[in-house]
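Topology and contacts: notes
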Amino acid sequence: MGGVCSTEKMAKAFAYESSDIDWCEDNYKYSEHVVEYFNTMSSFFFFIISPVMLYLLHPYAKERNLAIHLVWILMIFVGLFSAYFHMTLSFVGQMLDELSIMWVLAVGYSMWFPRKLFPSFIKDRTTFSKLVFTITVITSVSSFVKPTVNAYVLNCFGLHLLYTLAVEMRYCTDQKVLRLAKLSVALWVLAITCWISDRFSCSFWQQLNFCYLHGIWHILIVMAVAHATTLIAYLDANNEIPYSLPGLQYWPSDKWTIGLPHIVLKGTPKTRKQC
Ligand SMILES: CCCCCCCC/C=C\CCCCCCCC(=O)N[C@@H](CO)[C@H](O)/C=C/CCCCCCCCCCCCC
Ligand SMILES: [Ca+2]
Ligand SMILES: [Zn+2]
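Residues numbered from 1 in each chain as written. Chains lettered and ligands numbered in written order. Predicted model: local features only at pLDDT ≥ 70, side-chain atom pairs only at ≥ 80, totals over all residues.

Taking an unreviewed UniProt entry as the reference, the protein chain is identified by name as Alkaline ceramidase belonging to Oryzias latipes. Under the Cofactor (unreviewed entry) heading, UniProt states for the protein chain: "Zn(2+)". Taken verbatim from the UniProt record of the protein chain, the Function (unreviewed entry) comment is "Hydrolyzes the sphingolipid ceramide into sphingosine and free fatty acid." (UniProt positions renumbered as here; feature names shortened; annotations may be inferred.)

This is the structure:
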């Protein structure tokens, strides 16, 4: 009897529209199998940007720690789960989407959180990573208690990241670095504005017959994360591997206004060996 009950519960969790959340985009507008078509399709943007970022960050990751690649490898899963969530609006889709974001943040914090900002009882990065891992496992389990608040809690990390960057960049005067910081913040502000507006002003957007703000959020947040991770990686390289003489450039061309930022290591193999 209990077995039948739990099988039913499982089936419900996978069922279309079993999530509490329904984004502003009209359901089943373009396909009877895809609940939110534009939101699903825009999730594929994660698949385009992630491999490019893995390629662009590779010289830095090779010098610093190859585990850094986990951030953008996990972002591929975020895209996959986000597409599944919007395709089905199922409870399982929602949880996979939110949990994968949480684990990207956990890996990012473990790798990059500045050592000088560690709590005083933590001596090294390994201990810090273990603490982050423990907290993330506990949070992952407790996220099932009230799933609707998860997204708001996750967004608070954007604010914490902003604070951490502000502390790290207090004395920065390098124009290229400042430009990257401003761009990251601008993209994040635009992205979060779309997310909030889709959540809370849906009737307004429906009147205008423009219900695509959540899909636009997907595109903007990937770009914000691409810019922010490069900035964080650059600051980290300056602190942890200064002999590699990190610099910033844009792909495909440094002269283009729009592009993906990346780190170049200007230290010659000779200068690297000396350190
Ligand atoms: C020193 C710390 C370094 C940490 C670096 C880690 C940076 C990467 C962080 C997060 C990845 C975000 C991925 C967003 C995926 C969006 C999928 C999605 O749309 N999900 C929604 C449902 O479909 C869901 O409602 C969204 C929930 C909110 C997620 C908020 C994530 C926080 C993003 C922080 C990004 C900061 C950018 C720059 C700040 C200057
Ligand atoms: Ca909808
Ligand atoms: Zn989404």
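Per the secondary structure count, the protein chain includes 11 helices and 2 strands. Going from N to C terminus, the protein chain has its helices and strands arranged as α-α-α-α-α-α-α-α-α-α-β-β-α. For the protein chain, whose C-alpha radius of gyration is 20 Å, the value lies close to the compact-globule estimate of 19 Å for 275 residues. Its C-alpha atoms give the protein chain principal-axis dimensions of roughly 65 × 45 × 30 Å. (Helix = DSSP H or I, 4+ residues; strand = E, 2+ residues; numbered from the N terminus. Rg over C-alpha atoms; globule rule 2.2 N^0.38 Å.)

This part takes up the UniProt feature "transmembrane region" (unreviewed entry) in the protein chain. On the UniProt side, "transmembrane region" (unreviewed entry) is annotated at positions that read residues 37-57, 66-87, 99-115, 127-145 and 216-235 here. Split by type, residues 37-57 is 90% helix and 0% strand. Its first and last C-alpha atoms lie 32 Å apart. Taken end to end, residues 66-87 is 82% helix and 0% strand, and its first and last C-alpha atoms sit 33 Å apart.

Here we come to the environment of Leu220. Take Leu220: it is sitting in helix α10 (residues 213-240). Considered as a pair, Leu220 and Ala191 are 29 residues apart in the sequence and their alpha carbons are 5.2 Å apart.

Near ligand 1, the surroundings consist of 30 residues, among which Gly108, Ala151, Leu154, Gly158 and Ala228 are the closest. The biggest single contributor to the shell around ligand 1 is helix α7 (residues 147-168), with 9 residues. Split by residue class, the shell around ligand 1 holds 21 nonpolar, 8 polar and 1 charged. (Near = placed C-beta within 6 Å. Nonpolar A, V, L, I, M, F, W, Y, C, P; charged D, E, K, R; others polar.)

This part covers the nonpolar core. In this structure, Leu57, Ala191, Trp217, Leu220 and Ala224 are the most contacted members of the largest nonpolar core, which totals 51 residues. Of all the secondary-structure elements, those providing two or more residues to this core are α3 (45-64), α4 (70-88), α5 (91-112), α8 (175-200) and α10. (Core = buried A, V, L, I, M, F, W, Y, C linked by C-beta atoms within 7 Å. Buried ≥ 20, exposed ≤ 12 C-beta atoms within 10 Å, placed from the backbone.)

In this section: the packing of α4 against α5. α5 packs onto α4 with a crossing angle of 165 degrees between their chain directions and a minimal axis gap of 8 Å. Comparing the axis directions of α4 and α5 gives the class roughly antiparallel. Read as a crossing pair, α4 and α5 show a hand that is left-handed. Counting all contacts with α4, which are made through Leu70, Val71, Leu74, Met75, Phe77, Val78, Phe81, Ser82, Tyr84, Phe85 and Thr88, the residues of α5 involved are Gly93, Gln94, Leu96, Asp97, Ser100, Ile101, Trp103, Val104, Val107 and Gly108. (Axes fitted to C-alpha atoms, helices over the stretch in contact; angles between N-to-C directions. Parallel < 35°, antiparallel > 145°, perpendicular 65-115°, else oblique. Left-handed = near helix turned anticlockwise from the far one by under 90°. Contact = placed C-beta atoms within 7 Å.)

This part takes up unusual backbone geometry. A cis amide bond links Trp251 with the next residue in sequence, Pro252, at an omega value of 10 degrees. Position of Pro252 relative to the elements: it lies in the loop between β1 (246-251) and β2 (260-265). A positive phi angle is found at Glu17, which is not glycine, with a value near 65 degrees. Within the secondary structure, Glu17 sits in the loop between α1 (2-14) and α2 (37-42).

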